[in-house]
Structures are given as C-alpha cells and as structure tokens.
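# An overview of the molecular structure
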Amino acid sequence: MFSLEPFLDLPLIWYSLIIIAVLLYVILDGFDLGVGILFPFAPSDTCRDRMMNSIAPFWDGNETWLVLGGGGLFAAFPLAYAILMPALYIPVTLMLLGLIFRGVAFEFRFKAESSRRIWDYAFHFGSLLATLMQGMILGAVVQGIDVEGRSFAGGSFDWINAYSVMTGIALIFGYALLGSTWLVMKTEDATQDWARKSASYVLGYVGLFLGIVSVSMPLMKASIRELWFSLPNVFFLLPIPLLTAALFVLIWRDLHTGREYRPFFMSIGVFLMGYLGLGISLWPWLVPHQVTYHQAAAAPESQSLLLVGTAIMLPVVLAYTAYCYYVFRGKASHESAY
Amino acid sequence: MFDTLDPVLLARIQFAFTISFHIIFPAFTIGLASWLAVLEWRWLKTGNAIYAEIYRMWVKIFAVAFGMGVVSGIVMSFQFGTNWSVFADKSGNVLGPLLGYEVLTAFFLEASFLGVMLFGWNRVSPRMHFAATVIVACGTLISAFWILSANSWMQTPQGFRLGDDGLLYPTDWLAVVFNPSFPYRFAHMIVATYLTTAFVVGGIGAFYLWRRKHEKHARVMLGMAMIMAVFVAPTQLLLGDLHGLNTLKHQPAKVAAMEGLWETQRGAPLVLFGWPDQEAQTTRYAIEIPKLSSLILTHDLEGEVKGLKEWPRDEQPPVAWVFWSFRVMVGIGMLMILTGVMALVLHLRKRLFSTPWFQYWCMALTPSGFIAVLAGWFVTEIGRQPYIIYGVMRTAEAASPVGSQPIALSLAAFVVTYGVVFGAGVYYIARLIAKGPAAEETVYGDHGVPKPPLVAPRLTKKGGRHV
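Nothing here was measured: the structure is a model prediction, and the numbers come from that model. (Residues numbered from 1 in each chain as written. Chains lettered and ligands numbered in written order. Predicted model: local features only at pLDDT ≥ 70, side-chain atom pairs only at ≥ 80, totals over all residues.)

### Considering the overall build of chain A
Put simply, the rule is: The numbering of helices and of strands both runs from the N terminus, where a helix is a DSSP run of H or I of at least 4 residues and a strand a run of E of at least 2. What counts as a contact is two residues whose backbone-derived C-beta atoms lie within 7 Å of each other.
Along its length, chain A carries 14 helices and 4 strands. Dimensions of chain A, computed from C-alpha atoms along their principal axes, come out at roughly 55 × 45 × 40 Å. Excluding contacts between residues fewer than 6 apart, the proportion of contacts in chain A whose partners are at least 24 apart in sequence is 79%.

Okay, here's the thing in structure tokens:
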C-alpha cells in the first residue's frame, strides 16, 4: 500500500502542518473576531457598517482554517482529537455557538431593519464568546488533561480555573489588537482615528497578559523552566522576547505617526512570537505531558494519502486566498454589500 | 438531574438534530449554486437583464442559506470528536483523510470565491465573476463527493483491516472512496438537491405569477423549475430504484424495514401502508399488493425477499421510523413526477403560466424537496442501526466518555440557538422573496446610492468622504 513512511518523518510533518493551520486560523479569524469584539465601542453606525464590510468577504474563508485545524487533527492525529474533544466538550460547544451567532449576523444584519441592533449584539457577543472559549481552551490544554488509556478521564468542568479565565481574557485583548490594527489599515477618517486609539489602548493590555503568560509557563512545569533557562538554550531563545519587545515599541510608534499598514503586520508578528514561545514550551506534546505527536499519529498510509493532497492543494488554497484579499484591497466603504 | 438519561441516546438525538438541521442548507445551496451558474451563463450569453435580476435576487437568498450551512457545518466537524470520540479514534485512519480532502478541495474553494461572488460585482470582470459562481458551484459538488463517500463507507465499509490494537487501517484507498453504495448515494443526493432547489424556485415563481408581480422573472423561474420536474424527477425515480437494489445487496435489513416485511418469502407483497409493530414483529393493518415487492426488488414475481426475522432483535433497525420515512420520501417523489406531467400538459395547451390551480399546487410543493431529503436520510441512517460502521462497529460502542448532563445541556443550547437562527433566516429569506427581483434600489444600507461598490475605489483614499 502507498506510503511515504520510508522517506519522510510523517508525524513531524503533520505536527508542523497542524501547527501552521492553527496559526493561520488564529491570525486570520483573529482579526475578524477582533473586529467583532470592538464592534459596539465604535463611535457610529456608519463606522460599524465599514467595519463589517472590511471583513465580510473574508470571514468565511478565515473560519475554514478552523475546520482544517479540527479536520486535520482528526485525520492526522485521531487519538489526540478523540481525547481533546470530550475533554473540551463544553468550551468547544460554546465556541461553536458563539461562531454561529456571529456568522449569521453578517448576512442578517444587512437585511434587517428594525432588528438590526439585535444582530449587532449577536455579532459582538458571539465573537466575544468564541474568543473567550478559544483562550480558555488554550489555558486548559497548557495545564494538562487527565488521560487514562486512550481516552479522556477527567470531569466536564476541568477546563475552568483562574488560569484559563486569564488566558481567555488575554486572547480577547490579543484579537482586539489584530482587529483594531486591521481597521487602521482598511478604513479611513473617523473609523480609522478611533481604531488607532483603540489599538494603542489595547496594546498595553496585550503586553501585560503576554508578560503574565510568559512568566507563568516556566513556573508551571520544571521541564519548561529547564528548557528556557538552561545555559546554551537561553541564548538561542533570547531573540524571541527581545523581538517581541521591539515589536511593541514599533507598533506604539507607528500608531502615533500615522502609519496605516505596518501596525497590522507587526501585530501579526507579536502573535507569531507568542505562538513560537508557546510551541517551543509544548514541544513535542499534542496533549501536553500525556500524548506526543508520535503517539497520536494516524497510520502512515493515512498520513501519506492526505499529505499528497495537502502538498498539491495547500499552495493552491493560499494562492486563491491571496487573490481574494487582492480583489478586495483598499479601504472599506460603509455602503451596502451587494 | 439528567443522570437517569442514557448518554448514548442523548448523543444520538443531538447528532440527529444538528445533522438534520445542517442538511437542509446544503440540500438547497448545492442546487442553487448550480442554478445561479446557469443563470449567469444565460445572462452573459444573451445579455438579457432578466437573468441578471433573477441572479441578484437569488444570490442574496443563497448567501443567507449558505451562511447558515457554513455555521451549522463547522459544528459537524467537531461533533465526531465531542460526541463520538471512540468512533473518531477507531475510524480516524480511514475516514480522517476523506474529511481532510473535503476541507482542502472544497471548503476553502467555496468560502473564498463566495466572497467574490457576493461582493465582487464591481471589482472583477463579468467573466471572472461568472468563474467565481462556477467555482462555488463546483465546490459544493466536490464537498458532497467527499462527505457522501465518507458516509457511504460507514454504510458499506471495505478496503480496510482491523488491527490488533482494535483500530481500523486502510488497505485500499480506491476501495474506501468508491465503496459499493457511494456512486448510488452520490447520484441520488445530488439529483435530490437539484429537485429541492427546483421546487423552491418554481414555488416562488408560481407565487409571483399568482400575485401578478415580476411576471417576466416568474416565467423564467417556473419554466426552468418545470424543465427539472419533467426531466429530472423521473430520473430520480430510476436512481432511487438502483440505490434501493444496491442497499438490498449490502444492507438487506434496511430494505426489509423499508418494506415492513418480517417473514422471508418468495413472491413477497408490497406493503403500501400499515403499522409496523416491532414488539410483536409484525406489520399491523397492512394494505398489500401481492408479489409486487418481489417484482420491484428482484425483478421476478417469485423472487425471494428476506424478512426482518432473519436478524435477531438487537440487530434490527427501528422499523417504524424507516418504514414511514421511506413512504414520505417516495410519496413526495411521486408528487414531483406528477407535477412534471401536469406542467407538460399545461405547456402543450399553452396555459403553463396562467393556470391558478397549478400555481397553488406549485406553491404548496415549495418545501417538498426538504421534506423528501430529510425523510430519505432518516431511511438510510436509521435503517443502518444499530451500527455506526455497518457490521463493524455498533453505535453504542462509539460514544465519548462524556456524562449525560453536558450532552443534555448542549443539546438544549443547540435547539434554542438553531431555533433562533433558523427562524431569523427564514424570515429574512421571506422578506427577500417579498421584495422580489429588480429591487436593487431598495436594498438596505445603500444610503441612496444605487448599486454601490463594497470597497471604495483606491482613488478616493484621501477624498472628501466623511463618516
């Protein structure tokens, strides 16, 4: 049977691919969830129309990366999928409900007249709930999950604690930063001024929470402490916090000097650094401290088959995604969609 | 408080609810996407603005339905894990790649080009816009290909082996993807979505004709829908028959439940109606046509048809559900064929667009396709019980180690959420229908600007627009 196992380290490739899919999801859906988080704070309905229009052509594609993350995990690491999903039953369900409310709000809002306010709030609270749950899922997974044999062995509410609530709030601010810098890039005039103010306000909180997470991770596990602070490692890893700090300074400066594009891309940089730090700390676990990516890997035949498709399709997907962003380049208007 | 409830039963109800809700939207949007592509092609070819106006009306309805399909579909991709984690663990090697291919080859395609299709009018050339519509239509078909392949494999599994660790391993991918029931299920389902769309479009067209509004557009809608009813509805009968024969070969218990037959016999009668009683293992008050079942299923008046008693009770599907759903599906199919015949007769008498009773008839059949699709899926999904992977894994063994309480609560949350979303969606679609085609100027949010671009041209970047 066809298998690429003799030539490639398939589990490692798939681990990397899943990590990339989740990262792309976090960045891409991050900014449109962020727009939803900021939605009710915008100064006028016209602003809100522009905000909505700036993401309306993209949100659907952005959310597809979540399906790829979920579907890819099922395909490449069924064991991890089978352990994580029951463990995260409630937060995943709440996240999905949040995504439903915000997703339908795009269509309904522009068709509603008297009930428009309802969909404004559905969009906001849906985005907020989905983001909070994603952050809490991260916090819960980082702390570890009870596993017995091949299945989840903990309780339904294991995922709630002070730490996961903190990571949930942290992600809300993180996405708000992506959302506000996106709006700086994609809008103008009053909306842009307001987005700029929001971005500099949110930036401080993102720094605060990033600091808390960075300090708490090594405190939580001795192995992580060792990884980051043992002697040769510390020099290799030092660029990550230093680069992050530099990015913060640059974003702050750009927001106050009228730059339009750079703050968004540097906010993505901040996410990249945080993600990298997290990834290094959690390597090589899929279910932290329980199941590694090797243990969870699907049969090599299965990983091989999907890898062939991915090698062909992923560049194509990225190309037409880029094309769609190109088609809708420029500033968003507040006018009706279609 | 929910501890007395069986978690497996709750998980089944939840899956049945979320998948039934979800299938309504693809059943409509697969057909609608293809129809929109045809409309835009006619428009580009003939330059007739009627087609463009119909397109613009239905693309908005498409957007609402597609949006609801997307959000309810994301839920499905997580339900395998949340509610059926043992199934996910054991079958992941085989089914995972199929779902992965669905995401990579279909979901991204649909989602990305939907943006161009909806918002790209003034941003891309008409040809590129047409290409986007065709790509979205192809995306919906590719998506159906993979998900129906996965579903069919669960009905007629092959091309795998059972490992020593209890997991399933693929041995032949072509056998997995093109498993025995897949070609029939795929053809039957795609045609079903086309008919569903046709009867919705035809019903709305009839509504406009009845109200004497948008008559030019309505003639195109009703006319195109009736072409489908004349040619495609009979085709569906043939495809359904072939699918049924395939099921007889691979899942005879399902067919016995569809027919309400308990005893294995030669020259088996066709039970038209009756009340299957699983307790007593008999169909009460049966109205039968002698030997017809044998004729339909074996194409021989004296052919042998297996009855449900061939299987022990714990291997029998819930018969009444399968029996009745099957009759609902077939009954609607017959009504569709009858509609095609009536349309043909009226057309030959040149009264297709001016017969009030036919307009009422078409309006009444507007939701018929949805009911038939749901009933058909009830037949095939309930009919394969008690197995989740036919003959390999029982549904009861597949469930997640999750208690009754979270499942019951999340089920309640899904019911409430879907109720609100569905209600609002139907309401907004009804309003779009009430507005009708060629109503560009009254679209919400245009602030007095007709046919506005979504994104302002780059030239006005520093222009005097104020907020």
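### Quick word on the overall build of chain B
So the rule is basically this: C-alpha atoms define the radius of gyration in this analysis, and the globule rule sets the expected value at 2.2 Å times the number of residues to the power 0.38. In this scheme every C-beta is placed from the backbone, and a residue whose C-beta has 20 or more other C-beta atoms within 10 Å is buried, one with 12 or fewer is exposed, and one in between is partly exposed.
For chain B, the count of helices and strands is 13 helices and 8 strands. On C-alpha atoms alone, chain B measures out to a radius of gyration of 24 Å, which is about the 23 Å that the 2.2 N^0.38 rule sets for 467 residues. Principal axes of the C-alpha set define a box for chain B whose edges measure 75 × 55 × 45 Å. Per-residue burial for chain B yields a buried fraction of 51% across its 467 residues.

### A closer look at the domain arrangement of chain B
Residues and elements named next belong to chain B. Put simply, the rule reads: As used throughout, domain bounds are those supplied by an automatic or database domain assignment. Following the grouping adopted for this structure description, the nonpolar residues are Ala, Val, Leu, Ile, Met, Phe, Trp, Tyr, Cys and Pro, the charged ones are Asp, Glu, Lys and Arg, and the polar ones are all others, Gly among them.
On domain assignment, one finds that chain B holds domain 1 (12-179 + 403-455) and domain 2 (213-401). Listed as interface residues are 23 residues of domain 1 and, on the opposing side, 25 residues of domain 2. Of all the secondary structure elements, the ones that give two or more residues to the side of domain 1 that touches domain 2 are α1 (7-46), α2 (49-82), α3 (85-119) and α4 (126-155). In the side of domain 1 that touches domain 2, the residues fall into 12 nonpolar, 8 polar and 3 charged.

### Let's talk about the interface of chain B and chain A
In this complex, chain B contributes 74 residues to the contact, which on the side of chain A involves 75 residues. Elements supplying a minimum of two residues to the side of chain B that touches chain A: α2, α3, β2 (168-170) and α13 (404-435) of chain B. Element by element, the count of residues in the side of chain B that touches chain A is highest for α3(B), at 23 residues. The class makeup of the residues in the side of chain B that touches chain A is 44 nonpolar, 23 polar and 7 charged.

### Some points on helix α14 (residues 300-327) of chain A
Cut-off, in case you're wondering: Multiplying 1.5 Å by the residue count of a helix minus one yields the expected span of that helix.
The terminal C-alpha atoms of α14(A) lie 39 Å apart, and with 28 residues this matches the ideal 40 Å at 1.5 Å per residue to within 8%. Of the residues making up α14(A), those classed as buried are A:Pro300, A:Glu301, A:Ser302, A:Gln303, A:Ser304, A:Leu305, A:Leu306, A:Leu307, A:Thr310, A:Val317, A:Thr321 and A:Cys324. In this structure, the buried side of α14(A) is in contact with α1 (10-38) and α3 (59-76) of chain A together with α3, β2 and α5 (173-177) of chain B.

### Focus: the pairing of strand β4 (residues 270-277) of chain B
Residue and element names in this part refer to chain B. Counted only if it meets this: Criterion used throughout: strands pair if DSSP finds at least two bridges between them.
In this sheet, strand β5 (residues 282-289) lies alongside β4 in antiparallel orientation, the contact comprising 6 bridges. Paired with Asp 277 across the bridge in β5 is Thr 282. Once β4 ends, the chain turns through 4 residues before running back antiparallel as β5, passing Gln 281 with a positive phi of about 55 degrees.

### A look at unusual backbone geometry
Here the residue pair A:Trp283 and A:Pro284 is connected by a cis peptide bond, since its omega of -5 degrees sits within 30 degrees of zero. The amide bond that connects B:Gln385 to the next residue, B:Pro386, takes the cis arrangement and shows omega of 5 degrees. With respect to the helices and strands, the residue B:Pro386 is situated in the loop between α12 (368-383) and β7 (387-389). Located in the positive-phi region is B:His299, a residue other than glycine, with phi close to 55 degrees. Topologically, B:His299 is positioned in the loop between α9 (292-298) and β6 (304-305).

### Here's the deal with the packing of helix α6 (residues 182-211) of chain B against helix α11 (residues 356-364) of chain B
Residue and element names in this part refer to chain B. Condition: The angle between two axes is taken between their N-to-C directions and runs from 0 to 180 degrees, where each axis is a line fitted to C-alpha atoms and a helix contributes only its stretch in contact. Each angle is binned into one of four classes, with values under 35 degrees roughly parallel, values over 145 roughly antiparallel, values of 65 to 115 roughly perpendicular, and all other values oblique. For any helix crossing, the convention is left-handed if the near helix is rotated counterclockwise from the far helix by under a right angle, and right-handed if that rotation is clockwise.
Two elements in contact, α6 and α11, have axes whose closest approach is 8 Å; the angle formed by their N-to-C orientations is 140 degrees. Judged on the interaxial angle alone, α11 and α6 are oblique. Crossing geometry of α6 relative to α11 is assigned as left-handed. The residues of α11 that touch α6, namely those facing Gly 202, Gly 203, Ala 206, Phe 207, Leu 209 and Trp 210, are Pro 356, Gln 359, Cys 362 and Met 363.

### Thoughts on the nonpolar core
Soluble, globular proteins show a tendency: their nonpolar side chains are buried together. So the rule is basically this: Working definition: the nonpolar core is a set of buried Ala, Val, Leu, Ile, Met, Phe, Trp, Tyr and Cys residues, joined through C-beta atoms within 7 Å.
Judged by nonpolar contacts, the single largest core of 249 residues is most densely connected at A:Phe77, A:Ala80, B:Leu36 and B:Phe62. With 20 residues, α3(B) is the largest single contributor of residues to this core. Residue assignment places this core across two domains, with domain 1 (12-179 + 403-455) and domain 2 (213-401) of chain B each supplying three or more.

### Digging into the packing of helix α8 (residues 189-220) of chain A against helix α9 (residues 222-229) of chain A
Residues and elements named next belong to chain A. Between α8 and α9, whose axes approach to 5 Å, the crossing angle comes to 115 degrees. Packed against α8, whose contacting residues are Met 217, Pro 218 and Met 220, the element α9 presents Ile 224, Arg 225, Trp 228 and Phe 229 at the interface. Residue composition of the contact of α8 with α9, by class: 6 nonpolar, no polar and 1 charged.

### Some remarks on the environment of A:Ile160
Tracing the chain through its elements places A:Ile160 in the loop between β2 (151-152) and α7 (162-186). By C-beta crowding, A:Ile160 is classed as partly exposed, having 15 other C-beta atoms within 10 Å.

### Here we look at the confidence of the model for chain B
All names here are of chain B. Quick note on the threshold: Values of pLDDT, which run from 0 to 100, indicate the predictor's confidence residue by residue.
In the predicted model, chain B carries a mean pLDDT of 85, and 93% of its residues have values of at least 70. Taken together, the stretch residues 441-467 has pLDDT below 50 and engages in 48 contacts with residues farther than four places along the chain or on a different chain. The complex prediction reports pTM at 0.86, with the ipTM value standing at 0.84.

### As for helix α7 (residues 215-250) of chain B
For the record, the criterion: In this scheme, the bend at a residue equals the angle between the axes fitted to the seven residues that finish there and the seven that begin there.
In this model, α7(B) (36 residues) spans 49 Å end to end at C-alpha, consistent with the 52 Å of a helix rising 1.5 Å per residue. At B:Val232, α7(B) shows its largest bend, some 35 degrees, and a proline, B:Pro234, comes one to four positions later.

### Description of the environment of B:Gly31
Residues and elements named next belong to chain B. Looking at where Gly 31 falls in the secondary structure, it is placed in helix α1. The exposure class assigned to Gly 31 is buried, which follows from the 26 C-beta atoms found within 10 Å. Put simply, Gly 31 and Gln 281 are 250 residues apart on the chain and 40 Å apart in space, counted from C-alpha to C-alpha. Those residues in contact with Gly 31 that sit more than four places away from it in its chain are Thr 193, Tyr 194, Thr 196, Thr 197 and Ala 198.

### Topic: the environment of B:Leu99
Counting through the fold element by element, B:Leu99 comes out in helix α3. Taking the number of C-beta atoms within 10 Å as the measure of exposure, B:Leu99 has 24 and is therefore buried. Every residue in contact with B:Leu99, bar those within four places of it in the chain, is listed here: A:Gly71, A:Phe74, A:Ala75 and B:Ala150.

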